Amino acid sequence: MLGRARASQALKIRGPLVSPDSPEYETLCQWFNPEVQWRPEAFAFPLDEEEVAACLSWAAQNGKSVAVRCGGHSYVGLSGGTGLVLDVSRLVDLQLDEQLNLGAGWKLGPLMSALAERQRMLPLGTCPGVGLSGYLLGGGYGLVSRALGLGCDRVLDATLVTPALGLVQATTQDSLLWALKGSGFGQFGVVTRWRLRPEALRPVVLFRRYWPWAQAQAVLERWLEWAPRADARITSYLSLVGGREPQVSVGGLFLGDGPEWKSLRWGPPGALQEWDRSCPYLDAMQFLAGRSQNRSPAFAATSDFLSRPLAPAAQGKLLKLLVTTAPCSPQVTFDAYGGNLGSGDGAFVHRASLACVQAICYRNRNQPPGVNHDWLKRYRAELAGHYSGRAYQNYCELGRSDWKTAYFGEDWPRLVALKERFDPQGILQHPLSFQRL
Ligand SMILES: Cc1cc2nc3c(=O)[nH]c(=O)nc-3n(C[C@H](O)[C@H](O)[C@H](O)COP(=O)(O)OP(=O)(O)OC[C@H]3O[C@@H](n4cnc5c(N)ncnc54)[C@H](O)[C@@H]3O)c2cc1C
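Predicted model only: the values in this text are computed from it and were never measured.

Draft legend 1. View of the domain arrangement of the chain. Domain boundaries assigned for the chain yield domain 1 (4–87), domain 2 (94–200 + 409–422) and domain 3 (203–403). For domain 1 versus domain 3, the separation of C-alpha centres amounts to 34 Å. Counting residues at the interface gives ten residues for domain 1 and 17 residues for domain 3. Both faces considered, domain 1 and domain 3 share a buried interface measuring about 1,200 Å² in area, 58% of it formed by carbon and sulfur atoms. Taken together, domain 1 and domain 3 are joined by one salt bridge. Here R363 makes a salt bridge to E35, at a shortest N to O gap of 3.2 Å. For the pair domain 1 and domain 3, the interface holds seven residue pairs in polar contact (both at pLDDT 80 or more).

Draft legend 2. Quick look at the confidence of the model for the chain. For the chain, per-residue confidence averages 94 on the pLDDT scale, and 97% of positions sit at 70 or higher. Segment residues 1–8: pLDDT under 50, and 17 contacts once partners within four positions in sequence are set aside and those in other chains are kept.

Draft legend 3. Examining the layout of surface pockets more closely. There is about 460 Å³ of room inside the second largest pocket. Around the second largest pocket sit 22 residues that line it, and A300, A301, H373, E397 and L398 are the ones nearest its centre. Residues belonging to the lining of the second largest pocket are distributed by class as follows: ten nonpolar, six polar and six charged. When residues are assigned to domains, the lining of the second largest pocket turns out to be shared by domain 1 (4–87) and domain 3 (203–403), each giving three or more.

Draft legend 4. Region of the structure containing the packing of helix α4 (residues 108–117) against helix α10 (residues 281–289). Interaxial distance between α4 and α10 falls to 10 Å at its minimum, and their mutual angle equals 165 degrees. With respect to α10, the axis of α4 lies roughly antiparallel. Relative to α10, the crossing made by α4 is left-handed. Residues M112, S113 and A116 of α4 form the contact with α10, whose participating residues are Y281, L282, M285 and Q286.

Draft legend 5. Geometry of helix α12 (residues 371–383). The end-to-end C-alpha distance of α12, which contains 13 residues, comes to 19 Å, matching closely the 18 Å that a straight helix rising 1.5 Å per residue would cover. Residues V371, N372, W375, L376, Y379 and L383 constitute the buried set of α12. The buried residues of α12 occupy an angular sector of 140 degrees when projected down its axis, which confines them to one face. Exposed and oriented more than 90 degrees from the buried face of α12 are K377 and A381. Looking at the buried side of α12, the elements it contacts are β16 (299–306), α11 (312–324), β17 (329–336) and β18 (355–362).

Draft legend 6. Quick look at the sheet that holds strand β13 (residues 234–241). In space, the seven strands of this open sheet follow the order β15-β12-β14-β13-β17-β18-β16, with antiparallel pairing throughout. Two strands bound the open sheet, and with one partner strand each, they are β15 (273–280) and β16. Each strand of the sheet is rotated relative to its neighbour by a mean of 15 degrees, with strand direction disregarded. Across five bridges, the pairing between β13 and β17 is antiparallel. Pairing of S239 across the sheet is with T333, part of β17. The sheet strands contacting helix α8 (residues 216–226) are β12 (203–211), β13, β14 (247–255), β16, β17 and β18, and the helix crosses β13 at an angle near 155 degrees. Packing of α10 onto the sheet brings it into contact with β12, β13, β14 and β15, and relative to β15 it is tilted by some 135 degrees.

Draft legend 7. Broad picture of the site of the ligand. In the region of the ligand, 31 residues are neighbours, and V68, S79, G131, Y141 and Y392 sit closest. Interatomic distance of 2.8 Å between a backbone N/O atom of G72 and an oxygen atom of the ligand. Here S74 contributes a backbone N or O atom positioned 3.0 Å from an oxygen atom of the ligand. Out of a free accessible area of 960 Å², the ligand has 92% covered by protein chains. Secondary structure elements with two or more residues in the shell around the ligand: β3 (66–69), α5 (132–137) and β10 (190–196).

Draft legend 8. Representation of the pattern of salt bridges within the structure. The tally for this structure, following the rule as stated, stands at 23 salt bridges. With its nearest N and O atoms 3.0 Å apart, the salt bridge here joins R69 to D87. Here D87 lies in strand β4 (residues 84–87) and R69 lies in strand β3, a separation of 18 residues in the sequence. The burial state of R69 is the same as that of D87; both residues are buried. Between R233 and E260 there is a salt bridge, with its nearest N and O atoms 3.2 Å apart. Note that R233 is positioned in the loop between α8 and β13 and E260 in helix α9 (residues 258–262), a separation of 27 residues in sequence. With relative accessibility at 28%, the residue R233 sits in the partly exposed group. For E260, a relative accessible area of 35% translates into the label partly exposed.

Scoring rules and cut-offs
- Residues numbered from 1 in each chain as written.
- Predicted model: local features only at pLDDT ≥ 70, side-chain atom pairs only at ≥ 80, totals over all residues.
- Heavy atoms only, no water.
- Domains from an automatic or database assignment.
- Contact = heavy atoms within 4.5 Å.
- Buried area = accessible area lost by both parts, 1.4 Å probe.
- Salt bridge = Lys/Arg side-chain N within 4 Å of Asp/Glu carboxyl O.
- Polar contact = N/O pair within 3.5 Å; in protein donor to acceptor, adjacent residues only side chain to side chain.
- pLDDT = per-residue confidence, 0-100.
- 1 Å grid on protein atoms, 1.4 Å probe; cavity = no way out; pocket = protein on both sides within 12 Å on 5 of 7 lines; lining within 4 Å.
- Points joined across faces, edges and corners; volume = space filled by probe spheres on them.
- Nonpolar A, V, L, I, M, F, W, Y, C, P; charged D, E, K, R; others polar.
- Axes fitted to C-alpha atoms, helices over the stretch in contact; angles between N-to-C directions.
- Helix = DSSP H or I, 4+ residues; strand = E, 2+ residues; numbered from the N terminus.
- Parallel < 35°, antiparallel > 145°, perpendicular 65-115°, else oblique.
- Left-handed = near helix turned anticlockwise from the far one by under 90°.
- Expected span 1.5 Å × (residues − 1).
- Buried < 20%, exposed > 50% of the residue type's maximum accessible area, 1.4 Å probe, protein only.
- Arc of directions from axis to C-beta.
- Pairing = 2+ DSSP bridges.
- Near = heavy atom within 4 Å.
- Areas by Shrake-Rupley, 256 points an atom, 1.4 Å probe, with all protein chains shown as cover.

Listed below in structure tokens is the structure:
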């Protein structure tokens, strides 16, 4: 085990270093998903690229693995491990001219507020605690993405410290930049800076509708026809919440003002409740974030993409599963693709999809571990054959035998070659790292 004094001496960084005998250690081991239970040898919080490089050299010399952490929201704890956790959250400077030049440690909530103060916006997700780096590396889908693209579509270049080649600038025309835009999981080096193309801040219309559960299939069928083909300024999701009081709702954002929205507004008849609200982008995102916590109840999740509308028989199976076989709290959300998501470079292989489908199952403290995984197994057994075979790296899961094709498609060999170039020893390790060992 790495003692505090030994670690400080060996690592020689000014940034904090937290080992198991430090008072902050137990708090840092509270992962976002309580199912994650890593207890690393130490957490390091480097203050600049030199300190990041010192951490990587120390790990290489001492035969330790490194996991990189930004917001710590990986569903399965890919930013944790048994070796050194290198946390970039101290890298949070921001400069704005035409472009945005910022440290890699920002979290989405504070970044969104900092941008709004400067009359700018980016297609970011709603959860304020998600780290910018994890989000961008995996693509980054937000509720203005059909209008403004994925988060990674806004990346102009990035600075990394790589285990093999040290400080590297990933610029246009570069395979490395291509890979950083959407392949996910931080395989090649520690990103320390991003240069991004922001958008001028614009108002939005926030909308939401709820229907009786008896109408769930009709709403799902109509949403699947409408949402991926709707005006690109509309990004919407359909949410199915299972259990004893199941709920079907559709929500989303229209990037524009109220009068423009009037002619586009959508919703099959029979809604129990519907509302539209024109407001600043930041207000909408903060409303959607609700009272988000640093820690969720224990959950397991899986994701898929649709390349054609879900067949009616599969819709029926899904709705039945949500209400009849759920001992825990399952939810299935469809995120609309299409619009301007269809084009863009980078290693994000899901652009042609109609929608991303996420199934997530929570369990409470009194329920045995595994009960939520069992529900997901039944869900996969019934539904997987109806999806495209792709999965979203930002909603990652373990134990999926098809993960290489599901996340990376035909890009896999090119990504593995980059791993060989920038991290041949596999210093950056987690359960979904590209093992060459
Ligand atoms: C509540 C919640 C809401 C979410 N909402 C959305 C959403 O709306 N849209 C969406 O697209 N995704 C969403 N996600 C998924 C989220 O984008 C991913 O989980 C993302 O990977 C989290 O990034 P992070 O930095 O917080 O996580 P971390 O756990 O810190 O990192 C995730 C991965 O990125 C790597 N990494 C992080 N920083 C760096 C770096 N600087 N250099 C190299 N590698 C790095 C880590 O090693 C790890 O493999 C959500 C997740 C949660 C838990």
